[in-house]
Amino acid sequence: MTAAKAVADAVRTSLGPRGMDKMIQAANGDVTITNDGATILKQMQVVHPAAKMLVELSKAQDVEAGDGTTTVVIVAGSLLDAAQRLLSKGIHPTTISEAFQKASSKAVEVLTKISYPVDLNDRESLLKSASTSLNSKVVSQHSSQLAPIAVDAVLKVIDPAKDTNVDLRDIKIVEMLGGTIEDTELIEGLVFMQKSAGKGGPSRIEKAKIGLIQFCLSPPKTDMESNVIVSDYSQMDRVLREERTYILNLVKQIKKAGCNVLLIQKSILRDAVNDLALHFLAKMKIMVIKDVEREDIEFVCKGIGCRPVASIDHFVPEALGTAETVEEITSGNKKYVKITGVNNPGKTVTVLIRGSNKLVLEEAERSIHDALCVIRCLVKNRALIAGGGAPEIEVAVHLARWSHSLTGMEAYCVRAFADALEIIPSTLAENAGLNPVVTVTELRNAHVRGEFSAGINVRKGAITNILEENVVQPLLVSTSVIQLASETVRSILKIDDIVNVIH
């Protein structure tokens, strides 16, 4: 328990909009700056098995809701602390565990009651929740610009009327050094970080017909390792001529299908495309982008509506995708290729993040991922609740009232569960430089009076109606925090000994 609590204390300072960031140095010297709970814990070399459970817990929250990864660990740490105090009073672990289970179910009920429904066509509400998620990140000053990008990206890849989940793999996040975060843009199409291959080929194509090949445009190799001894020049010429004819035939067939932009999958065995093939393709005014990664193939096909072609015989006009423009763009000293005006938009989008250094880029990528997850939560469960410590205090007040109607040990345990949830508003106040005891007491009084949307306003340093400040979060984030944290604490409570087996 002590080990798990130590992990929770490590991430406590990074909660909320005024939370601190952590600088993590890996064994190989890589430095990461972040305040995303899941990232911090993933980088920490945790050895203790119980502490590892908290690391797994933040991963589970990351998968389930995507946001609230710091909150879930802090709540689990606080519940463990409460459980330890109950154990020292002589209450049996099973009794505590069962009471915690009941309290967590009741807490979810309370949260659902105070939530209000949201319509996915109501862009304002979505923007508010995305901004709330971004406000606690390193890139918080750019939240007004990154939030609309996250909202639009999700809305473009789903059908708000019938979808109940978002596949975030349809939103590709591409990082590019240079520029500032303000240059980040949402592209309805694809971005390839490599420049177009070959010299003398076109660098911009209108009305593009795009083909994606998985075979090589270079002379074939024998299956076995073999040597061919050439004894005179005429044979040498013949070998080169054959090679030329072979490649020219391939290129002619590609041209015949009407293709004018060619994407070539990365090849491991031999060169995917050689200089001769590039020369022919450039002459025929075909733009070439080589080294398309194998794992990107599915995304590319979905994005431009083409079919991957594994042999030249199948290279037919039906397999090609179409786009308005394909152009090579120079930015600083780097070039990249951008495909826009795709005929079947709405399947995939690309977010191009710009930043002045690697650390900012990586953190911006994590922040946008969290904002996308928040919108995904709203697609899964279309309800919002207030942020700023309001839901936790509301649940604590309800549970404390409910505990009066219970008898015996159970009442004690539910009361302890309620008090443990106050760690979130107290940590928020502490991180904002306010007096935690005074702030939490004031907040509790407001909630007892029935102001269920009263929360800690970090900017003004006072208790205000947090909904007016536009601090909102998806219901799914809070319910999943309480369910996952209590589940983890219950499983730790059931353990009475660690047995090391040494082979």
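Summarised in this report is the structure supplied together with it. Predicted model, so just to flag it, every value in this text is computed and none were measured.

**Here's the deal with the packing of helix α3 (residues 49–64) against helix α16 (residues 475–493)**
Then, in step 1: It is the contact of α3 with α16, at a shortest axis distance of 10 Å, that shows an interaxial angle of 155 degrees. Compared by their axis directions, α3 and α16 come out roughly antiparallel. Here α3 and α16 pass one another in a crossing that is right-handed. Residues A50, M53, L54, L57, A60, Q61 and E64 of α3 form the contact with α16, whose own contacting residues are L476, V477, S480, V481, L484, A485, T488, S491 and I492.

**A look at the nonpolar core**
Then, in step 1: Core analysis: the largest hydrophobic core is formed by 68 residues, its most contacted members being L54, V73, L79, I96, F100, L399 and F417.
Then, in step 2: The element that contributes the greatest number of residues to this core is helix α4 (residues 69–88), accounting for 10 residues.
Then, in step 3: In this structure, L127, L168, I368 and I375 belong to the second largest nonpolar core, which totals 34 residues.

**Describing α16**
Then, in step 1: Taking 1.5 Å per residue, 19 residues should reach 27 Å; α16 reaches 27 Å between its end C-alpha atoms and fits that length.
Then, in step 2: With respect to burial, α16 is a largely interior element, 15 of its 19 residues being buried.

**Details of a positive patch on the surface**
Then, in step 1: A grouping of K195, K199, K290 and K335 is seen on the molecular surface, where their side chains present a positively charged patch.
Then, in step 2: Looking at where K335 falls in the secondary structure, it is placed in strand β12 (residues 334–342).

**Considering the pairing of strand β13 (residues 349–355)**
Each regular strand displays side chains that alternate between the two surfaces of the sheet.
Then, in step 1: The buried fraction of β13 amounts to 7 of the 7 residues, a majority that puts the element mostly inside the structure.
Then, in step 2: Burial of β13 is two-sided: the residues V349, V351, I353 and G355 facing one way and the residues T350, L352 and R354 facing the other way are all buried.
Then, in step 3: Relative to β13, strand β5 (residues 185–187) runs antiparallel, the two sharing 3 bridges. In the sheet register, E185 faces β13, and the bridge partner there is L352.

About the cut-offs
Residues numbered from 1 in each chain as written. Predicted model: local features only at pLDDT ≥ 70, side-chain atom pairs only at ≥ 80, totals over all residues. Heavy atoms only, no water. Axes fitted to C-alpha atoms, helices over the stretch in contact; angles between N-to-C directions. Helix = DSSP H or I, 4+ residues; strand = E, 2+ residues; numbered from the N terminus. Parallel < 35°, antiparallel > 145°, perpendicular 65-115°, else oblique. Left-handed = near helix turned anticlockwise from the far one by under 90°. Contact = heavy atoms within 4.5 Å. Core = buried A, V, L, I, M, F, W, Y, C linked by side-chain atoms within 4.5 Å. Buried < 20%, exposed > 50% of the residue type's maximum accessible area, 1.4 Å probe, protein only. Expected span 1.5 Å × (residues − 1). Patch = residues over 30% accessible without salt bridge, like charges linked within 9 Å, V, L, I, M, F, W, Y side chains within 5 Å. Areas by Shrake-Rupley, 256 points an atom, 1.4 Å probe, with all protein chains shown as cover. Salt bridge = Lys/Arg side-chain N within 4 Å of Asp/Glu carboxyl O. Lys, Arg positive; Asp, Glu negative; His and termini not counted. Charge placed at Lys NZ, Arg CZ, Asp CG, Glu CD. Pairing = 2+ DSSP bridges.

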